[in-house]
Amino acid sequence: KKRIVVLISGNGSNLQAILDRSLEQNIHGQVVAVISNRPDAYGLTRAEQREVDTQVLDHTEFETREAYDYQLKNLIDSYHPDLVVLAGFMRILSDPLVMHYHGRMLNIHPSLLPKYKGLNTHSRAIEAGDTEHGASVHFVTPELDDGPVVIQSKVPVFKDDTELELAARVQEQERNIYPLVIEWFCRGRLTMENNKAYLDGNEIPENGYA
Ligand code: GAR
């Protein structure tokens, strides 16, 4: 089984889906640790309930991003992961950290990339009058939310949607696509080369599988 370290900052609903999936179906991977930058992240409780190791590395205790990321790298590496999964980890990662996990770090972003990189994606989609929105799973590369997309899931945006309603609709999709992509990776089917993602050796289309 592949060793997975999951990084979180909050609720951890994606983490929960990954834990459930690794228990119910054989995703060929095991979450060996959950690391949070926030001591109060509810995802830590979810991990403890499954007897998964938890670690808090509080960013407010560090002077610089570089110092934090250096410790984070050491902490992650102490678990010897095959894969690092960002699941609502709300920090920008410095280049050396990203490069260290080149080809073995995944992120889920709540938009149809390349649209709406960064924060507040749901309200931006509503404000723009978009009729569809969604989530993307992608490999992490140094440029923020820019790595090759593996899969996207679309949801409709309804006329009177609030940000919360739309977020909930997107997150329901996230719980399906993230475990699937992780399974692909753990089974050795998913790779990244020259900034392109491949499934079973076939180049994945520009915006990922739908
Ligand atoms: C998810 O919707 C994820 O896409 C988003 O945060 C939420 C975390 O939810 N990630 C980002 O915005 C990354 N920039 P969760 O803690 O319940 O998994």
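Quick notes on the rules
- Counting of residues starts from 1 at the beginning of each chain's written sequence and follows it residue by residue.
- In keeping with the predicted nature of the model, local features appear solely for residues at pLDDT of at least 70, side-chain atom pairs appear and are counted solely at 80 or more, and the whole-chain, interface and lining totals rest on all residues.
- Each side-chain value is worked out from all heavy atoms of the structure, with water and hydrogens disregarded.
- Think of it this way: any DSSP run of H or I at least four residues long counts as a helix, any run of E at least two long counts as a strand, and we number them from the N terminus.
- Residue count minus one, scaled by 1.5 Å, sets the expected span of a helix.
- Type-normalised accessible area, obtained with a 1.4 Å probe on protein chains alone, sets the label of each residue: buried when under 20%, exposed when over 50%, and partly exposed for intermediate values.
- Working definition: the arc comes from the directions between the helix axis and the C-beta atoms, pointing outward to the latter.
- A pair of strands counts as paired when DSSP detects no fewer than two bridges linking them.
- Here, axes are lines fitted to C-alpha atoms. For helices the fit covers the stretch in contact, and angles between N-to-C directions go from 0 to 180 degrees.
- We call two residues in contact whenever any of their non-hydrogen atoms come within 4.5 Å of each other.
- UniProt positions are given in the numbering used here, feature names are shortened, and annotations may be inferred rather than shown by experiment.
- We define a polar contact as two N or O atoms separated by no more than 3.5 Å, with the added condition that, inside protein, one atom must be a possible hydrogen donor and the other a possible acceptor, whereas residues neighbouring each other in sequence contribute only through side-chain atom pairs.
- Pairing of aromatic rings covers Phe, Tyr and Trp, the last counted by its six-membered ring, and requires centre-to-centre distances within 6.5 Å; plane angles under 30 degrees mean stacked, over 60 mean edge-to-face, and any other angle means tilted.
- Every case where a carboxyl oxygen of Asp or Glu lies within 4 Å of a side-chain nitrogen of Lys or Arg is listed as a salt bridge.
- Near residues are defined by distance, with any heavy atom within 4 Å of the molecule or strand qualifying the residue.
- Reported accessibility uses the Shrake-Rupley method at a 1.4 Å probe radius. Residues are deemed covered only where the shown protein chains occlude them.
- A pocket, in this scheme, is an open set of points on a 1 Å grid over the protein atoms alone with protein on both sides within 12 Å along at least 5 of 7 lines, while a cavity is a set where a 1.4 Å probe fits but cannot get out; residues line either one if an atom lies within 4 Å of a point.
- In this scheme, a molecule is assigned to a cavity or pocket if more than half of its atoms are within 2 Å of the grid points.
- Just so you know the grouping, Ala, Val, Leu, Ile, Met, Phe, Trp, Tyr, Cys and Pro go in nonpolar, Asp, Glu, Lys and Arg go in charged, and all remaining residues, Gly too, go in polar.

Focus on helix H3 (residues 65-77)
Here is step 1: Taking 1.5 Å of rise per residue, the 13 residues of H3 would be expected to cover 18 Å, and the 18 Å separating its terminal C-alpha atoms lies within 8% of that figure.
Here is step 2: Tyr-68, Asp-69, Leu-72, Leu-75 and Ile-76 are the residues of H3 that are buried. All buried residues of H3 project into a common sector of 120° when viewed along the axis, lining one side. Away from its buried face, by an angle of more than 90 degrees, H3 presents the exposed residues Glu-66 and Tyr-70.

Topic: the sheet that holds strand S5 (residues 105-109)
Here is step 1: With mixed pairing, the 7 strands of this open sheet are ordered in space as S3-S2-S1-S4-S5-S6-S7. In the strand order of this sheet, the two ends are held by strand S3 (53-56) and strand S7 (149-156), each with one partner. Ignoring strand direction, the axes of neighbouring strands in this sheet form an average angle of 20°.
Here is step 2: In the packing of helix H6 (residues 163-186) onto the sheet, the strands contacted are strand S1 (2-8), strand S2 (29-36), strand S4 (83-86), S5, strand S6 (132-139) and S7, and the crossing angle to S7 comes to about 155°.

Re the UniProt feature "active site" (unreviewed entry) in the protein chain
Here is step 1: The UniProt entry lists His-109 under the feature "active site" (unreviewed entry), expressed in the numbering used here.
Here is step 2: Summarising the element assignment, His-109 is placed in strand S5.
Here is step 3: You can call His-109 buried: its relative accessible area is 4%.
Here is step 4: Non-local contacts of His-109, meaning those with residues more than four positions away in its chain, are made with Tyr-116, Lys-117, Gly-118, Thr-121, Gly-134, Ala-135, Ser-136, His-138 and Asp-145.
Here is step 5: In this structure the side chain of His-109 is engaged in a polar contact, spanning 2.7 Å, whose partner is the backbone oxygen of Tyr-116.

Some points on the packing of aromatic side chains
Here is step 1: One pass over the full model with this rule turns up 2 aromatic pairs.
Here is step 2: Ring centres 5.2 Å apart and planes at 90° place the aromatic pair Phe-62 and Tyr-68 in the edge-to-face group.
Here is step 3: Judged by relative accessible area, Phe-62 falls into the partly exposed class, the value being 24%.
Here is step 4: Given the relative accessible area of 1%, Tyr-68 is considered buried.

Let's talk about the pattern of salt bridges
Here is step 1: For the coordinates displayed, the defined rule picks out 9 salt bridges.
Here is step 2: The partner of Arg-187 in a salt bridge is Glu-183, and the shortest N-O contact between them spans 3.1 Å.
Here is step 3: Classification of Arg-187 by relative accessible area gives partly exposed; the value is 39%.
Here is step 4: Residue Glu-203 is joined to Lys-196 by a salt bridge in which the shortest nitrogen-to-oxygen separation is 4.0 Å.
Here is step 5: We classify Glu-203 as partly exposed; its relative accessible area is 46%.
Here is step 6: Several salt bridges share partner residues, and in doing so they unite Arg-21, Glu-183 and Arg-187 into one network.

Topic: the environment of Arg-38
Here is step 1: Among the secondary structure elements, Arg-38 is positioned in the loop between S2 and helix H2 (42-49).
Here is step 2: With relative accessibility at 40%, the residue Arg-38 sits in the partly exposed group.
Here is step 3: A C-alpha to C-alpha distance of 27 Å links Arg-38 and Leu-180, two positions 142 residues apart in sequence.
Here is step 4: If sequence neighbours within four positions are ignored, Arg-38 has contacts with Ser-9, Leu-44, Val-56 and His-59.

Overview of the site of the ligand
Here is step 1: Around the ligand lies a shell formed by Asn-11, Gly-12, Ser-13, Asn-14, Gly-88, Met-90, Ile-108, His-109, Pro-110, Gln-171 and Glu-174.
Here is step 2: Within the side chain of Gln-171, one N or O atom sits 3.1 Å away from an oxygen atom of the ligand.
Here is step 3: The protein chains hide 88% of the 450 Å² of surface that the ligand would expose on its own.
Here is step 4: Comparing atom positions with the cavity grids shows the ligand to sit within the largest pocket.
Here is step 5: When contributions to the shell around the ligand are tallied by element, the ones reaching two or more residues are helix H1 (13-24), S5 and H6.
Here is step 6: Looking at the shell around the ligand, its residues break down into 3 nonpolar, 7 polar and 1 charged.

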